[in-house]
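# Examining the three-dimensional arrangement
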2 protein chains.
Amino acid sequence: MAKAAEPPSGTRDFLADDVRRRKAAFDTVSGVFEHYGFDPLETPAFERLEVFAGKLGDEASALIFKILKRGVHEATGEADLALRYDHTVPLARVVGTYGSQLPSPYKRYAIGPVWRADRPAKGRFREFTQCDIDTVGSASPLADAEILWAIHDSLAALGVTDFRVLVNSRKALHGLLEAYGIAEERGTAVLGTLDKLDKLAADAVVAELVDRGLEARVAEELVGDVTAADTDRVRKQLDTTERGREGLAEIDRLLELTSGLPDGRVVFTPRMVRGLDYYTGPIFEVVATGYPGSIASGGRYDGLVAKLGGPDLPACGGSIGLERILAIQAADAEATGGLDVALTVLGAEDIVMRMAADLRGQGLRAGVYLGTSGKLGKQLKWANDQRARVVLIHGPEEQAEGEVTVRDMASGDQSRVPVTEVATRVREHLGR
Amino acid sequence: MAKAAEPPSGTRDFLADDVRRRKAAFDTVSGVFEHYGFDPLETPAFERLEVFAGKLGDEASALIFKILKRGVHEATGEADLALRYDHTVPLARVVGTYGSQLPSPYKRYAIGPVWRADRPAKGRFREFTQCDIDTVGSASPLADAEILWAIHDSLAALGVTDFRVLVNSRKALHGLLEAYGIAEERGTAVLGTLDKLDKLAADAVVAELVDRGLEARVAEELVGDVTAADTDRVRKQLDTTERGREGLAEIDRLLELTSGLPDGRVVFTPRMVRGLDYYTGPIFEVVATGYPGSIASGGRYDGLVAKLGGPDLPACGGSIGLERILAIQAADAEATGGLDVALTVLGAEDIVMRMAADLRGQGLRAGVYLGTSGKLGKQLKWANDQRARVVLIHGPEEQAEGEVTVRDMASGDQSRVPVTEVATRVREHLGR
């Protein structure tokens, strides 16, 4: 394939099957979100560059696709716009833009592409779909619980069966460090190390903690606590500090408010940290058998909307890793979009066009042969390529009798019926 | 509104109602296209800049949004990517990229945003949705007819009622000029002037033709012919040249192949030219009562795919002006997305969450109060803002009895039912 003919590095063309499969997944998820009373939001593909200024860290800023000024300003080589990097910065802007015109709290979902100039790799793209659900303007634990339910139901609706929602609380994590007498300023680094427990062995994490200045005994106990099968050890530690108790209460409240979900689905997981440090309350991560890494995550991030330039409102939300889920599910996906009926063309084209219209009017996917061959064999090959289930033949003989031959492609059975009865016979073959 | 808070010039934020209305329209149209056996295609938001090089005219090229190189190359001020300007250039690339992997002919539709750095104006945006349907690889008149049928059915499905499909042929137009002895090299200019007949008075067009070097008598007769209520005058002229007869045959074939559409829907319209000069065969344009300008258009463009860098394949297609249609229909659109059920929260939140889950499981849109007020009055105001049709109240009294109060917001009727019967009662109120 010549380079010029490929889509740009890190992007993909989605042909028929892919588009249909992706759209079905997006519709499934948005359907669930709608039932929870979340509203869709679509912001432009690009924002003014200044909207991002100082909002993202250096690492993220380097990944922004910038758009060159236009017309006489093009020659300056300066940019004034940037492609959407995520759905969160636009959300903060929109909350600022529309304020009281939005429902309160503002519960919105966004399913759409974002662009990041990341180094392309297997499963990592420069254009990919993010699926976010957030509630801005509610500090209620019910809002956290609702996000969790909505994501749970979405995953179930997507056909993910064997999964667990790991929950924890940033407050609990900080309380735990306090209980171990770990200084506040070391907190983020220590939590960053604990976050590696799903990839590294426990003793490697202990070693890293010691490197970070923890006493060996403290590091061992801390790791022992958070990885214990029984959460009682952590609960006891948390109970010794104010923040720990607050965090624990938050977790227990979330467990209570999601007790209507299947048993064992939502699990307090002390070692689950979430890398991003903007979370302020409950956090969660979803892991599923057969899927690498986490397939959804989120939490409460009360200061973030203000930090991103919006009003100072409490907020919580989550994200579903739709691309990751779609990549796994694509493996056993079936081909879509075969024709219900293929109409061959052997003369009397206007009658064929009317028959096709009639079949479409009945909700069937009907295609007419558009090639140049007048040979039935070639046309049947086309019908077969189109994965047609039924083929109509309207040759000179049939025309003379005002009839059509209806052929079932699976069984090879065929029979002639009057033109007026074609639709009925076709539906019989299709079992509809 | 502070400038920084607005979406970039020429772009729009789509809030809940807009997203739902637009999605419904896109789904309606793609549903029709699917029934015709067209496949969806989604290409990246940007292409390599070289894909556009020399493919668009100067005017169009000036409207391309270019993306700055990244990393160390950013400082060069050079661009290497460009936002999608239309769906046709990517189609030509895709046909080149995937070749025989695609069905033959390749019937595809694309409904998605394109970006043009046009001067923003009322109804003209820098980010807008284009809706294209094309068949690449068929020279059959059935392919032209099919595009026309599919667009016809889409418009009808969108609720456009009073419309006509004007058809003509580029061959016929050139044949007509030949019949009047107008030199080939003047052809494009003369046709460009005739194209103004839907905006200018006939004598103004005659004057412009004379300016272009036509004899007054010829200009008058030509304009008289193409604007005559009866097409017989033009038919007679067309019959005098080879190309004219070819064009006429093309038109008559299209009329015959679309004779299954309602009477008078498809009309041979000699004065309809279509501005773009890449058309090579039949052309069409759809006009509708209540909609300014044309709401759909298209035609056969046999040389274009090769010119755009794809293989040399015959092709035809059309475009629906969805943005234009949506803008008109928005005026009488109703608000969408009100809640079916609003659940107030006066304690026992876990029971409320379970009730909400149960209602959602039955396909209802259910929202739980996430605010801080414990007062029923405030919560009912919230429910009203959410356009909830039914409200559930589960206060201390109801809790003690294991019951819930179900209130119909329209009638104000309310009654108490056991928790287990809530869903049934709610559905009764909703009539579902």
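Residues numbered from 1 in each chain as written. Chains lettered and ligands numbered in written order. Predicted model: local features only at pLDDT ≥ 70, side-chain atom pairs only at ≥ 80, totals over all residues. Heavy atoms only, no water.

## Topic: the sheet that holds strand S5 (residues 106-115) of chain A
In a beta sheet, neighbouring strands are held together by backbone hydrogen bonds and run either parallel or antiparallel to one another. Residue and element names in this part refer to chain A. Where we set the bar: Only strands joined by at least two bridges in the DSSP assignment are considered to pair. Segments assigned H or I by DSSP are reported as helices when at least four residues long, segments assigned E as strands when at least two residues long, and all are numbered from the N terminus. Contact definition: two residues touch when any of their heavy atoms are within 4.5 Å. Lines fitted to C-alpha atoms define the axes here, with helix axes fitted over just the stretch in contact, and angles between the N-to-C directions of these axes take values from 0 to 180 degrees.
Across the sheet, which stays open at both edges, the eight strands sit in the order S1-S5-S6-S11-S10-S9-S7-S8 with mixed pairing between neighbours. Bordering the open sheet on either side are strand S1 (39-40) and strand S8 (266-268), each of which pairs with just one other strand. Inspection of the sheet shows strand S9 (residues 282-288) paired to strand S10 (residues 294-300) by five bridges, in the antiparallel sense. By the bridge assignment for S10, Phe284 is matched with Gly298. Strands in contact with helix H13 (residues 322-330) are S5, strand S6 (127-136), S10 and strand S11 (315-320); relative to S6, the strand with the most contacts, it is inclined by about 130°.

## Concerning the domain arrangement of chain A
Note the cut-off: Boundaries of every domain are those given by an automatic assignment or by a domain database.
Taken domain by domain, chain A holds domain 1 (3-330) and domain 2 (341-430). Centre-to-centre, using C-alpha coordinates, domain 1 of chain A lies 52 Å away from domain 2 of chain A.

## What about the packing of helix H6 (residues 170-179) of chain B against helix H11 (residues 242-257) of chain B?
All names here are of chain B. Note the cut-off: An angle below 35 degrees is read as roughly parallel, one above 145 as roughly antiparallel, one from 65 to 115 as roughly perpendicular, and any other as oblique. With the far helix as reference, a near helix turned anticlockwise by less than a right angle produces a left-handed crossing, and one turned clockwise produces a right-handed crossing. As a working rule, the residues Ala, Val, Leu, Ile, Met, Phe, Trp, Tyr, Cys and Pro are called nonpolar, Asp, Glu, Lys and Arg charged, and the rest polar, with Gly in that last group.
Their axes nearest at 7 Å, the elements H6 and H11 cross at an angle of 150°. As summarised for this structure, H6 and H11 are arranged roughly antiparallel, according to the angle between their axes. Crossing of H6 against H11: the hand is left-handed. Across the interface between the two elements, Lys171, Ala172, His174, Gly175 and Glu178 from H6 touch Arg243, Gly244, Glu246, Gly247, Leu248, Glu250 and Ile251 from H11. The class makeup of the residues in the contact of H6 with H11 is three nonpolar, four polar and five charged.

## So, the pairing of strand S15 (residues 403-408) of chain B
All names here are of chain B. Strand direction decides the pairing type here: strand S14 (residues 390-393) and S15, joined by four bridges, are antiparallel. Counterpart to Val391 in the pairing with S15 is Arg407. Where S15 lies against strand S16 (residues 414-418), five bridges are found, and the strand directions are antiparallel. Each residue of the ladder has a partner; that of Val404, found in S16, is Val417.

## Observations regarding the interface of chain A and chain B
Note the threshold: What counts as buried area is the accessible surface, traced by a 1.4 Å probe, that two parts surrender upon association, with contributions from both included. For salt bridges, the criterion is a side-chain nitrogen of Lys or Arg within 4 Å of an Asp or Glu carboxyl oxygen. In the analysis that follows, any N or O atom pair within 3.5 Å is treated as a polar contact, provided that within protein one partner can donate a hydrogen and the other can accept it, and provided that, for residues neighboring in sequence, both atoms belong to side chains.
Contacts between chain A and chain B engage 91 residues on the former and 92 residues on the latter. For the pairing of chain A and chain B, the buried interface totals around 7600 Å² over both sides, and the portion due to carbon and sulfur atoms is 59%. Connecting chain A to chain B are 18 salt bridges. Applying the counting rule to chain A against chain B returns 44 residue pairs in polar contact (both at pLDDT 80 or more). Here the element with the most residues in the side of chain A that touches chain B is helix H1 (residues 16-35) of chain A; it accounts for seven residues. Among the residues making up the side of chain A that touches chain B, the classes are represented as 47 nonpolar, 16 polar and 28 charged.

## Some remarks on the relation of the copies chain A and chain B
Heads up, the rule is: Residues reaching a pLDDT of at least 70 in both copies supply the C-alpha atoms on which the copies are superposed by least squares.
By a simple turn and slide, chain A fits onto chain B: the slide is 0.0 Å along the axis, the RMSD is 0.1 Å, and the turn is 180°. The superposition of one copy onto the other is thereby described by a two-fold rotation axis. Residue Gly77 of chain A, judged by its C-alpha, is the member of chain A lying nearest the rotation axis, at 1.9 Å. A shared binding surface is used by both copies, with 100% of the interface residues of chain A retained as interface residues in chain B.

## Section: the sheet that holds S14 of chain B
Residue and element names in this part refer to chain B. Spatial strand order, S13-S12-S14-S15-S16: five strands in an open sheet with mixed pairing. In this open sheet, the two strands that pair with only one neighbour each are strand S13 (366-368) and S16. On average, each strand axis in the sheet is inclined to that of its neighbour by 25°, with strand direction left out of account. Strand contacts of helix H14 (residues 349-361): strand S12 (341-343), S13, S14 and S15, with the helix running at about 165° to S13, the strand carrying the most contacts.

## With respect to the packing of aromatic side chains
All names here are of chain A. What counts, and what does not: Classification of ring pairs uses Phe, Tyr and Trp, with its six-membered ring standing for Trp, and accepts pairs whose centres are within 6.5 Å; under 30 degrees between planes counts as stacked, over 60 as edge-to-face, and the remaining range as tilted. Accessibility here uses a 1.4 Å probe with only protein chains present; expressed as a share of the type maximum, an area under 20% marks a residue as buried, one over 50% as exposed, and anything in between as partly exposed.
In total, this model carries twelve aromatic pairs over all chains according to the counting rule given. Measuring from centroid to centroid gives 6.1 Å for Tyr278 and Tyr301, while their planes differ by 75°, and the two rings are edge-to-face. Of the two residues, Tyr278 is situated in the loop between S8 and S9 and Tyr301 in the loop between S10 and helix H12 (304-307); the sequence distance between them amounts to 23 residues. With a relative accessible area of 27%, Tyr278 lands in the partly exposed category. Taking relative accessible area as the criterion, Tyr301 reaches 4% and is therefore assigned buried.

## Some remarks on the packing of helix H7 (residues 187-194) of chain B against helix H8 (residues 202-211) of chain B
Residue and element names in this part refer to chain B. At a minimum axis separation of 9 Å, H7 and H8 run at an interaxial angle of 165°. It follows that H7 is roughly antiparallel to H8 by the angle criterion. The two elements H7 and H8 cross, and the hand of that crossing is right-handed. Residues Val190, Thr193 and Leu194 of H7 touch H8, and the partners they reach there are Val205, Glu208 and Leu209. Grouping the constituent residues of the contact of H7 with H8 by class yields four nonpolar, one polar and one charged.

## A short note on the environment of Glu397 of chain A
Mapped onto the elements of the fold, Glu397 of chain A is located in helix H16 (residues 396-401). Polar contacts involving the side chain of Glu397 of chain A include one to the side chain of Arg416 of chain A, which spans 3.2 Å.

## Structural notes on helix H8 (residues 202-211) of chain A
Residue and element names in this part refer to chain A. Selection rule: The reported arc concerns the directions from the helix axis to the C-beta atoms and nothing else.
All of the buried residues along H8 are Val205, Val206, Glu208 and Leu209. Projected down its long axis, H8 shows its buried positions confined to an angular sector of 165°, all on one face. Of the exposed residues in H8, those oriented more than 90 degrees away from the buried face are Asp203 and Asp211. Those residues of H8 that are buried are in contact with helix H7 (187-194) and helix H9 (216-227). Backbone geometry just after H8 places Gly213 at a positive phi near 105°.

## Notes on the UniProt feature "binding site: L-histidine" (unreviewed entry) in chain A
Residues and elements named next belong to chain A. To keep it simple, the criterion reads: UniProt positions are given in the numbering used here, feature names are shortened, and annotations may be inferred rather than shown by experiment.
On the UniProt side, "binding site: L-histidine" (unreviewed entry) is annotated at positions that read Asp86, His87, Thr88, Arg116, Gln130, Asp134, Arg274, Tyr278 and Tyr279 here. Note that Asp86 resides in the loop between strand S4 (79-83) and helix H4 (88-98). In this structure, Asp86 is in contact with Leu56, Val114, Arg116 and Gln130, ignoring residues within four places of it in sequence. Separated by 3.1 Å, the side chain of Asp86 and the backbone nitrogen of Thr88 make a polar contact. Each residue touching Tyr278, except ones within four places of it in the same chain, is listed here: Arg300, Tyr301 and Leu304.

## Things to note about unusual backbone geometry
All names here are of chain A. Here the residue pair Ser104 and Pro105 is connected by a cis peptide bond, since its omega of -5° sits within 30 degrees of zero. Checked against the element boundaries, Pro105 lands in the loop between H4 and S5. In the Ramachandran plot, Ala348 falls in the positive-phi region, its phi being about 50° despite a non-glycine side chain. Positionally, Ala348 belongs in the loop between strand S12 (341-343) and helix H14 (349-361). A positive phi angle is found at Arg387, which is not glycine, with a value near 55°. Its place among the elements puts Arg387 in the loop between helix H15 (376-385) and strand S14 (390-393).

## Overview of the pairing of strand S9 (residues 282-288) of chain B
Residue and element names in this part refer to chain B. With respect to burial, S9 is a largely interior element, six of its seven residues being buried. Note that strand S7 (residues 163-169) and S9 share seven bridges and pair antiparallel. Bridging from a neighbouring strand, Val165 pairs with Val286 of S9. Taken together, S9 and the strand that follows it, strand S10 (residues 294-300), pair antiparallel across an intervening segment of five residues, in which Gly290 is found at a positive phi of about 90°.

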